[in-house]
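What the coordinates show
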Amino acid sequence: KEIFVLNGPNLNRLGTREPEIYGSTTLADIESMCMTKASELGATLTFRQSNHEGNLVDWIQEAADKQAGLVINPAAYTHTSVALQDAIKAGGVPTIEVHLSNIHARESFRHKSYVSPVALGVICGLGARGYLLALDALVSHLEQKHD
Ligand code: DQA
């Protein structure tokens, strides 16, 4: 099984960015946790981050072409991006949306997600552990091939 883990804007700053909200775990820490988890699950993992919406769209299309599953933390683009929703929907990419923080307990502009309507599921508020839970769920989804 092939899985892409994609991260949106400002997540390259994890560790020092608002640690009271996002914790002290860095994106490199999350990447290595995900790599370990993926190898336990027998999955091949591609882990990327970009501050640019178009890069994320390109990578979702790449995931679609490779028939890979997707774990995505779209960060601020969650709340704005029709383009990400379209790319996931058009590519038919099995997707789990992850947020470190509980977006529903924060400002109201974070309550809406353009990605959630096209996601298999959404995990938020569980910190870096959410990525690992998403990998577990996505690999079993891909193995079972259910809807
Ligand atoms: C986030 C939540 C978003 O609202 C925010 O813009 C982020 C990170 C999270 O992981 O909690 O950049 O996606």
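Rules behind the numbers
Residues numbered from 1 in each chain as written. Predicted model: local features only at pLDDT ≥ 70, side-chain atom pairs only at ≥ 80, totals over all residues. Helix = DSSP H or I, 4+ residues; strand = E, 2+ residues; numbered from the N terminus. Expected span 1.5 Å × (residues − 1). Buried ≥ 20, exposed ≤ 12 C-beta atoms within 10 Å, placed from the backbone. Contact = placed C-beta atoms within 7 Å. Core = buried A, V, L, I, M, F, W, Y, C linked by C-beta atoms within 7 Å. UniProt positions renumbered as here; feature names shortened; annotations may be inferred. Right-handed = clockwise from strand over helix to strand, strands pointing away. Pairing = 2+ DSSP bridges. Axes fitted to C-alpha atoms, helices over the stretch in contact; angles between N-to-C directions. Parallel < 35°, antiparallel > 145°, perpendicular 65-115°, else oblique. Left-handed = near helix turned anticlockwise from the far one by under 90°. Nonpolar A, V, L, I, M, F, W, Y, C, P; charged D, E, K, R; others polar.

**Remarks on helix H5 (residues 129-144)**
With 16 residues, H5 should reach 22 Å at 1.5 Å per residue; the first-to-last C-alpha distance of 23 Å fits that figure. For H5, the full list of buried residues reads Gly130, Tyr131, Leu132, Ala134, Leu135 and Leu138. Where H5 is buried, its residues contact strand S1 (2-7), helix H2 (27-41), strand S3 (69-73), strand S4 (95-99) and strand S5 (121-124).

**Structural notes on the nonpolar core**
Core analysis: the largest hydrophobic core is formed by 32 residues, its most contacted members being Ile3, Leu70, Val71, Tyr131 and Leu135. When contributions to this core are tallied by element, the ones reaching two or more residues are S1, H2, helix H3 (53-65), S3, helix H4 (82-91), S4, S5 and H5. Residue contributions to this core peak at five residues, all from H5. Those residues in contact with Ile3 that sit more than four places away from it in its chain are Ala38, Ala43, Thr44, Leu45, Ala68, Gly69, Val71, Leu135 and Leu138.

**Structural notes on the UniProt feature "active site" (unreviewed entry) in the chain**
Per the UniProt entry, the sites bearing "active site" (unreviewed entry) are Tyr22 and His99 in this numbering. With the annotated positions falling across 78 residues, the maximum pairwise C-alpha distance of 9.5 Å places them together in a single cluster. Looking at the secondary structure, you find Tyr22 in helix H1 (residues 19-22). If we ignore the near neighbours within four places in the chain, the residues touching Tyr22 are Leu14, Arg17, Leu100 and Ser101. Assignment of secondary structure puts His99 in strand S4. When residues no more than four places from it in sequence are discounted, the contact partners of His99 are Asn73 and Cys124.

**A look at the pairing of S4**
The buried fraction of S4 amounts to five of the five residues, a majority that puts the element mostly inside the structure. Side chains of S4 alternate between two faces, with Thr95, Glu97 and His99 and Ile96 and Val98 buried alike. Traced from S3 through H4 to S4, the parallel crossover comes out right-handed.

**A few points about the sheet that holds S5**
An order of S2-S1-S3-S4-S5 is seen for the five strands of this open sheet, with the pairing classed as parallel. Two strands close off the open sheet at either side, each with one partner strand: strand S2 (44-49) and S5. In this sheet, adjacent strand axes meet at a mean angle of 15° when their direction is disregarded. Along the sheet face, H3 touches S1, S2 and S3 and points at about 170° away from the line of S1.

**Focus: the environment of Met35**
Residue placement: Met35 occurs in helix H2. Between the C-alpha atom of Met35 and that of Leu132, which follows or precedes it by 97 residues, the distance is 9.7 Å.

**So, the packing of H2 against H5**
At their nearest, the axes of H2 and H5 sit 10 Å apart, and the two run at 25° to each other. If you check the angle between H2 and H5, you find them roughly parallel. Where H2 crosses over H5, the two elements pack in a sense that is right-handed. Within the contact between the two elements, H2 uses Ile30, Met33, Cys34, Lys37, Ala38 and Leu41 and H5 uses Tyr131, Leu132, Leu135 and Val139. By residue class, the composition of the contact of H2 with H5 is nine nonpolar, no polar and one charged.

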